[in-house]
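Close look at the chain arrangement
Spelled out from the first residue to the last, the chains are:
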Amino acid sequence: MSTFIDGIGQCQVIDKSSELVDLKGHDITSLPKTGTFTWEHQVGTPATLVGKILKAKKIYSKDDCENDRHLYYWNKCKTPYLYVMGELLDDYTASAKECSGQMKYSQDHPGQAPLLGFSIEGSEIPNTRKGMVITRSIARKVTLTQSPCNSMCVAEIYNAPEQKSQIAD
């Protein structure tokens, strides 16, 4: 059975590049339709595609949390964030199976820093930046990476018993 993952794809805090993405101006409409999980921002080979995004939701406050997973991640960052959830292709590709293995290692060793986190792939809308704040941008993919630029962007295995019903929502 495929591994399902979820986490914070984007969080409204200053990242390691000294930038902050304004979640209100972050277009995520394509993520649940055509969005994929990739490996380390790489392109060009089938092995870089490791999963399919099934859900994406902007969470601006605790009141926007619709389920326990949304609330779990809200409590981790307590600032506006982008929730993403999807399925790794570990039943189909060796590269996704390696990602799943690394995530399972992190799950089995909760006292250690996780091996992987999320990072958004997309683009900034030209001439919309205000200082260090990116006011308008488009998300196209989410990558699994060993060093996310935004340290709040975590990725975890999604083991909720209601998994199948929540995916159908």
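Small disclaimer: the values here were computed from a predicted structure and weren't measured. (Residues numbered from 1 in each chain as written. Predicted model: local features only at pLDDT ≥ 70, side-chain atom pairs only at ≥ 80, totals over all residues. Heavy atoms only, no water.)

Re the overall build of the chain
The test is simple: What counts as a helix is a DSSP run of H or I of at least four residues, what counts as a strand is a run of E of at least two, and both are numbered from the N terminus. The globule rule used here is 2.2 Å times the number of residues to the 0.38 power, and the radius of gyration it is set against is calculated over C-alpha atoms. Type-normalised accessible area, obtained with a 1.4 Å probe on protein chains alone, sets the label of each residue: buried when under 20%, exposed when over 50%, and partly exposed for intermediate values. Residues are treated as being in contact if the distance between any of their heavy atoms lies within 4.5 Å. Charged residues are defined narrowly, with Lys and Arg counted positive, Asp and Glu counted negative, and His plus the chain ends left uncounted. Here the site of a charge means NZ on Lys, CZ on Arg, CG on Asp, or CD on Glu.
The helix and strand inventory of the chain stands at 4 helices and 11 strands. Computed over C-alpha atoms, the radius of gyration of the chain comes to 15 Å, within 12% of the 15 Å expected from 2.2 N^0.38 for 169 residues, which places it in the range of a compact globule. Taken over the C-alpha atoms alone, the chain extends approximately 45 × 40 × 35 Å along its principal axes. Residue burial in the chain is summarised as follows: out of 169 residues, 46% are buried. By sequence separation, contacts in the chain at least 24 residues apart represent 70% of the contacts at least 6 residues apart. Averaging the positions of the 19 positive and the 20 negative side-chain charges in the chain gives two centres separated by 4 Å.

Some details on the sheet that holds strand β9 (residues 133-134)
Convention followed: Strand pairing follows a simple DSSP-based rule, namely that at least 2 bridges must link the two strands.
The strand order across the open sheet built from 3 strands is β2-β9-β8, with neighbouring strands paired in mixed fashion. The open sheet is flanked by β2 (20-21) and β8 (129-130), the only strands paired with a single partner. In the sheet, β2 pairs with β9 via 2 bridges, with the strands oriented parallel. Bridge pairing in β9 places Val 21 opposite Ile 134.

A short note on unusual backbone geometry
Notably, Lys 78 is not glycine yet its phi reads approximately 50°, a positive angle. Using a relative accessible area of 57% as the deciding quantity, one classes Lys 78 as exposed.

Some words on the nonpolar core
Our working definition: Buried residues of nine kinds, namely Ala, Val, Leu, Ile, Met, Phe, Trp, Tyr and Cys, make up a nonpolar core once their side-chain atoms join them within 4.5 Å.
Among the nonpolar cores identified, the biggest contains 36 residues, and Ile 8, Val 50, Tyr 81, Met 103, Phe 118 and Leu 144 are the most heavily contacted of them. Per element, the largest residue contribution to this core is 6 residues, and it comes from strand β6 (residues 81-88). When sequence neighbours within four positions are dropped, the list of residues in contact with Val 50 reads Phe 37, Thr 38, Trp 39, Glu 87, Leu 88, Leu 89, Ser 95, Ala 96, Cys 99 and Leu 144.

Quick notes on the pattern of salt bridges
If charged atoms from side chains of opposite charge come close, those side chains can pair. For clarity, the threshold we go by: Put simply, a salt bridge is a Lys or Arg side-chain nitrogen that is within 4 Å of an Asp or Glu carboxyl oxygen.
If you walk through the whole model with that rule in mind, you get 6 salt bridges. Salt-bridge contacts for Glu 66 lead to Lys 57; the nearest nitrogen and oxygen are separated by 3.4 Å. Judged by its relative accessible area of 60%, Glu 66 is exposed. The class for Lys 57 is partly exposed, based on a relative accessible area of 22%.

Thoughts on the packing of aromatic side chains
Put simply, the test is: Any Phe, Tyr or Trp ring, taking Trp's six-membered ring, that has another such ring centre within 6.5 Å forms a pair; planes under 30 degrees apart are called stacked, those over 60 apart edge-to-face, and the others tilted.
Applying the stated criterion to the full structure yields 3 aromatic pairs. Look at Phe 37 and Phe 118: their rings are 5.5 Å apart centre to centre, the planes differ by 5°, and that puts the pair in the stacked class. Taken as a pair, Phe 37 in strand β4 (residues 36-39) and Phe 118 in strand β7 (residues 117-124) lie far apart in primary sequence, 81 residues in all. Residue Phe 37 shares its accessibility class with Phe 118, and that shared class is buried. With centroids separated by 6.1 Å and ring planes inclined at 45°, the aromatic side chains of Tyr 73 and Tyr 83 adopt a geometry described as tilted. Here the residue Tyr 73 occupies a position in helix α2 (residues 68-77), and Tyr 83 occupies one in strand β6, the gap between them amounting to 10 residues. Of the two residues, Tyr 73 and Tyr 83, both sit in the buried class.

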